[in-house]
Amino acid sequence: MPKQPIQIEELIIKYARGRRLSRQEMAELRDWQARSQDHGDLPEKFRDLDWLRENLQRLENVPTDRMWDFIRDRIALDIQNEPLRTPGHLRRVKQWVPIVAAGVLLVAGWAGF
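Residues numbered from 1 in each chain as written. Predicted model: local features only at pLDDT ≥ 70, side-chain atom pairs only at ≥ 80, totals over all residues. Heavy atoms only, no water.

Describing the overall build of the protein chain
No. 1: A count of helical and extended segments in the protein chain gives 6 helices and 0 strands.
No. 2: When the accessible surface of the protein chain is summed, it comes to about 10,200 Å², and 59% of that surface belongs to carbon and sulfur atoms. (Helix = DSSP H or I, 4+ residues; strand = E, 2+ residues; numbered from the N terminus. Areas by Shrake-Rupley, 256 points an atom, 1.4 Å probe, with all protein chains shown as cover.)

Encoded structure:
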């Protein structure tokens, strides 16, 4: 059974720090690495301090304010485009309104007759 992404990250970090992985952990890491060339290279890249430094610097330069603005805009758009829904109990009431109205008319007609 494949590991969840967060668990794979933990294995990669453990491996990159030079900590001992159990046989099962190593098998899971090797299985994940075999899925693609990028997967295969990543654990070794984490051991490369220059590569880590460069990528961490890139992360520091990411415009997070723009990302949050984009996320807020997407949420607002999704809310705006979501069809208005009637709660379940009101839908059931709306289904019974014509039946009740017909019953009231029948009773009123019978009482008036």
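Quick notes on the nonpolar core
No. 1: Counting 7 residues, the largest nonpolar core is built from I8, L11, I12, Y15, L21, L29 and W32.
No. 2: When contributions to this core are tallied by element, the ones reaching two or more residues are α1 (5-16) and α2 (23-33).
No. 3: Take this core: its biggest share by element is 4 residues, from α1. (Core = buried A, V, L, I, M, F, W, Y, C linked by side-chain atoms within 4.5 Å. Buried < 20%, exposed > 50% of the residue type's maximum accessible area, 1.4 Å probe, protein only.)

Here we look at a nonpolar patch on the surface
No. 1: A contiguous nonpolar patch, built from W68, F70, I71, I75 and I79 and spanning about 550 Å² of accessible area, is present on the exposed surface.
No. 2: Tracing the backbone shows W68 in helix α5 (residues 64-81). (Patch = residues over 30% accessible without salt bridge, like charges linked within 9 Å, V, L, I, M, F, W, Y side chains within 5 Å. Salt bridge = Lys/Arg side-chain N within 4 Å of Asp/Glu carboxyl O.)

Points about the pattern of salt bridges
No. 1: Within the structure shown, the criterion is met by 4 salt bridges.
No. 2: Among the ionic pairs, D69 bridges to R72, the shortest N-O distance being 2.8 Å. Residue D69 and its partner R72 are both found in helix α5; the two are separated by 3 residues, about one turn of the helix.

So, the packing of helix α3 (residues 37-47) against helix α4 (residues 49-60)
A pair of packed helices is captured by two measures, namely the crossing angle of their axes and the spacing between those axes.
No. 1: Where α3 meets α4, the closest approach of the two axes is 5 Å, and the angle between their N-to-C directions is 95°. Considering their axes alone, α3 and α4 lie roughly perpendicular with respect to each other. Contact with α3, carried on its side by L42, K45, F46 and R47, involves L49, W51 and L52 of α4 and no other residues of that element.
No. 2: Split by residue class, the contact of α3 with α4 holds 5 nonpolar, no polar and 2 charged. (Axes fitted to C-alpha atoms, helices over the stretch in contact; angles between N-to-C directions. Parallel < 35°, antiparallel > 145°, perpendicular 65-115°, else oblique. Contact = heavy atoms within 4.5 Å. Nonpolar A, V, L, I, M, F, W, Y, C, P; charged D, E, K, R; others polar.)

A closer look at the confidence of the model for the protein chain
No. 1: Across the protein chain, the average pLDDT comes to 77, with 81% of residues at 70 or higher.
No. 2: Confidence, expressed as mean pLDDT per element, reaches its minimum in the protein chain at helix α6 (residues 88-112) with 72 and its maximum at α2 with 89. (pLDDT = per-residue confidence, 0-100.)

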